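For reference, the chains in residue letters:
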Amino acid sequence: MSPVREGKSLRIALQSFFWLHPEWWTIGLASVAWAFMLPHTGPNSGHNAHHRMTVVEEIGNWMLMVAAMMLPLVRDAVRFTASASLWARRHRAILGFLLGYFLPWLAVAIVAAMLRQADWTHTDAAPALGFAAAALWQRTVMYRRAVLACHRTWPIAPLGWRADRDCLSFGSFIGLSCVRTCWPLMLACGFAGHSLIAMTGGVVIGFVDEWRYRQHRRYPDPPISGPLAMAAYYGMLAAWKLVPALAA
Amino acid sequence: MPKPQDPGKPGPAAPRVAEMVGATSEAFYLGPEPTEITLEIHKPTGPAALLEGQTEKNVQREVYLYIENFWCTEPAPPFRVYLNVPPGDIPEKHPELQVGNLGTFGLMKQSNPQGPHGGNGMSFTVDITDAIPGLMAAKNWDSRRLRVSFTPGFWEGKVPAVKVGRVSLYFK
């Protein structure tokens, strides 16, 4: 292939990618959030649960965790928001959606940060209980309804303040649905001190649930082995630390 | 795959991506009487703009009407869709302006927030590409505005209020 034609192909490939995937920068934001979280999660991965932070630091870390873990899972809603908007305001619409999306999570972050000031949330038993609660939650009707709500669409006005309002409303609706779906899982990850193991486990569980939903397109019956395995891992860590105490 | 040495054949082309060019701003209701809404059509600025003036290259623009979040918790009749019905006229008098029929089978199930579809309602895509040349020939096409009328089909009972989240227009 001639260099000119090769250059044209590359240009068209890039153009196609940005046209078809306006959500690209949302995934970029998630990657940046992972890049910020990794130094914090990696080296202390066995001790994150015991690491203490101020309320503001906790809220900041919580929101980074939400961006890293949840944004890849809402890419379809972001793409819908863009495709339902006028071409010139696609990225503005995505920004509105994301602002709305983070609002419910910010409320949860404040509650979680307050909880993290208590001593019991700095034990390995806390994430173990959180993951066990996530497994139980996934078997409830409330969870199934919340998953269905996560895949709702929303009428978005084409222009003006109504368009901004609709993007914000849609984002907060999806954010609230995500909170209803994932609150025990995210609390467990928060109690685990945003450890790499907990966050990676949480992301895998989220993607498996999403994949299952796509397969069935109706009431999903998610496998609870993922949250149970995570609960067992943190349960064992908690028990391991109890053994010397009991021996003494 | 075109060969590089064959300049007569087209090279790689960007995909056809649908671009939204107009939509309603608020939800509205359909009932027993004909309902007309108006969409303001905006000039395309994305992929659809590239197709402007390419008719000589045999590239035809596809035009779609998208009816979203069609929602009702009671049994409802099907609705017929018409474009640019002359003001004051009954849509049924202009069968040539009918572009689609919205079937409502399964509407209640899809509108139930507790149901398996999460209460999204139904969505319909109506391909109006072939209707545009006829409207243009009849001088009944305004490139800045599109009027869409809905009338209920035959129904024995009371026609309930059917909520429509949005009607939008896409060029592709």
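Residues numbered from 1 in each chain as written. Chains lettered and ligands numbered in written order. Predicted model: local features only at pLDDT ≥ 70, side-chain atom pairs only at ≥ 80, totals over all residues. Heavy atoms only, no water.

Caption draft 1: Highlighting the overall build of chain A. Counting secondary structure elements, chain A contains 10 helices and 0 strands. For chain A, the succession of helices and strands along the chain, N to C, is α-α-α-α-α-α-α-α-α-α. In chain A, buried positions account for 48% of the 248 residues. Pairs at least 24 residues apart make up 83% of the contacts formed inside chain A by residues separated by at least 6 positions. (Helix = DSSP H or I, 4+ residues; strand = E, 2+ residues; numbered from the N terminus. Buried < 20%, exposed > 50% of the residue type's maximum accessible area, 1.4 Å probe, protein only. Contact = heavy atoms within 4.5 Å.)

Caption draft 2: Spotlight on the sheet that holds strand β5 (residues 79-83) of chain B. Residue and element names in this part refer to chain B. The strand order β3-β8-β5-β6 describes an open sheet built from 4 strands, whose pairing is antiparallel. A strand with exactly one partner marks an edge of an open sheet, and here the two such strands are β3 (35-40) and β6 (98-102). Direction aside, neighbouring strands of the sheet carry axes that sit 25 degrees apart on average. Sheet analysis places β3 next to strand β8 (residues 145-152), joined by 6 bridges and oriented antiparallel. (Pairing = 2+ DSSP bridges. Axes fitted to C-alpha atoms, helices over the stretch in contact; angles between N-to-C directions.)

Caption draft 3: Summary view of the interface of chain B and chain A. Residue-level contacts link 36 residues of chain B with 32 residues of chain A. One can count 2 salt bridges joining chain B with chain A. Where A:R165 meets B:E26, a salt bridge forms, and the shortest distance between an N and an O atom there is 3.4 Å. Linking chain B with chain A are 9 residue pairs in polar contact (both at pLDDT 80 or more), by the criterion used here. Secondary-structure elements contributing two or more residues to the side of chain B that touches chain A are β1 (19-23), α1 (47-50), β4 (63-71) and β9 (162-171) of chain B. Examining the composition of the side of chain B that touches chain A, we find that 5 residues originate from one element, β1(B), more than from any other. Of the residues that constitute the side of chain B that touches chain A, the class distribution is 16 nonpolar, 15 polar and 5 charged. (Salt bridge = Lys/Arg side-chain N within 4 Å of Asp/Glu carboxyl O. Polar contact = N/O pair within 3.5 Å; in protein donor to acceptor, adjacent residues only side chain to side chain. Nonpolar A, V, L, I, M, F, W, Y, C, P; charged D, E, K, R; others polar.)

Caption draft 4: Focus on the environment of A:W240. Relative to the helices and strands, A:W240 is located in helix α10 (residues 225-247). Along the backbone, A:W240 and A:A35 are 205 residues apart, and their C-alpha atoms lie at a distance of 31 Å.

Caption draft 5: The arrangement of the confidence of the model for chain B in detail. Residues and elements named next belong to chain B. This prediction gives chain B a mean pLDDT of 88; 88% of its residues lie at or above 70. When mean pLDDT is taken per element in chain B, β5 scores highest with 97 and α1 scores lowest with 86. Every residue in residues 1-5 scores below 50 in pLDDT, and together they form 6 contacts with partners more than four places removed in sequence or on other chains. (pLDDT = per-residue confidence, 0-100.)

Caption draft 6: Molecular detail of the side chain of B:N120. Locating B:N120 in the fold gives a position in the loop between α2 (107-111) and β7 (122-127). Looking at B:N120, the relative accessible area reads 16%, which means it is buried. Residue contacts for B:N120: discarding those within four places in its chain leaves A:H151, A:R152, A:T153, B:N69, B:W71 and B:Q110.

Caption draft 7: Quick peek at helix α3 (residues 55-70) of chain A. When the terminal C-alpha atoms of α3(A) are compared, their 22 Å separation across 16 residues agrees well with the 22 Å that a helix rising 1.5 Å per residue should span. Within the span of α3(A), buried status applies to A:E58, A:I59, A:N61, A:W62, A:M63, A:M65, A:V66, A:A67, A:A68, A:M69 and A:M70. (Expected span 1.5 Å × (residues − 1).)

Caption draft 8: Broad picture of a nonpolar patch on the surface. Together, A:L10, A:L14, A:F17, A:F18 and A:W24 make up a nonpolar patch on the protein surface, roughly 490 Å² of accessible area in all. When residues in the nonpolar patch are grouped by element, the largest group, 4 residues, is from helix α1 (residues 3-20) of chain A. (Patch = residues over 30% accessible without salt bridge, like charges linked within 9 Å, V, L, I, M, F, W, Y side chains within 5 Å. Areas by Shrake-Rupley, 256 points an atom, 1.4 Å probe, with all protein chains shown as cover.)

Caption draft 9: Up close: the state of the cysteines. All names here are of chain A. Summed over all chains, the structure comprises 0 disulfides over all chains. Unpaired in this structure, C178 has its nearest cysteine sulfur neighbour in C150, at a distance of 4.0 Å. Its relative accessible area of 6% is what places C178 among the buried residues. Just so you know, C182 is unpaired, no disulfide at all, and the nearest cysteine sulfur is the one on C178, 6.0 Å from it. (Disulfide = S-S within 2.5 Å.)

Caption draft 10: Main features of the nonpolar core. All names here are of chain A. Judged by nonpolar contacts, the single largest core of 61 residues is most densely connected at W62, M70, F97, Y101, W105, F131 and M186. At 12 residues, helix α8 (residues 160-191) tops the list of elements feeding residues into this core. Not counting residues up to four positions away in its chain, the partners in contact with Y101 are V66, M70, L71, V74, G171, S172, I174, G175 and C178. (Core = buried A, V, L, I, M, F, W, Y, C linked by side-chain atoms within 4.5 Å.)

Caption draft 11: Inspection of the pattern of salt bridges at higher detail. A complete count under the given rule lists 14 salt bridges over all chains for this structure. The residue A:D166 makes a salt bridge to A:R165 at a minimum N-O spacing of 3.1 Å. For A:D166, a relative accessible area of 6% gives the class buried. The class of A:R165 is partly exposed, set by a relative accessible area of 29%. The partner of B:E68 in a salt bridge is B:R166, and the shortest N-O contact between them spans 2.8 Å. Remark: B:R166 occurs in strand β9 and B:E68 occurs in strand β4; sequence separation between them is 98 residues. When sorted by exposure, B:E68 lands in the same class as B:R166, which is buried. Each member of the salt-bridge network shares a partner with another, and the members are A:R162, A:R165, A:D166 and B:E26.

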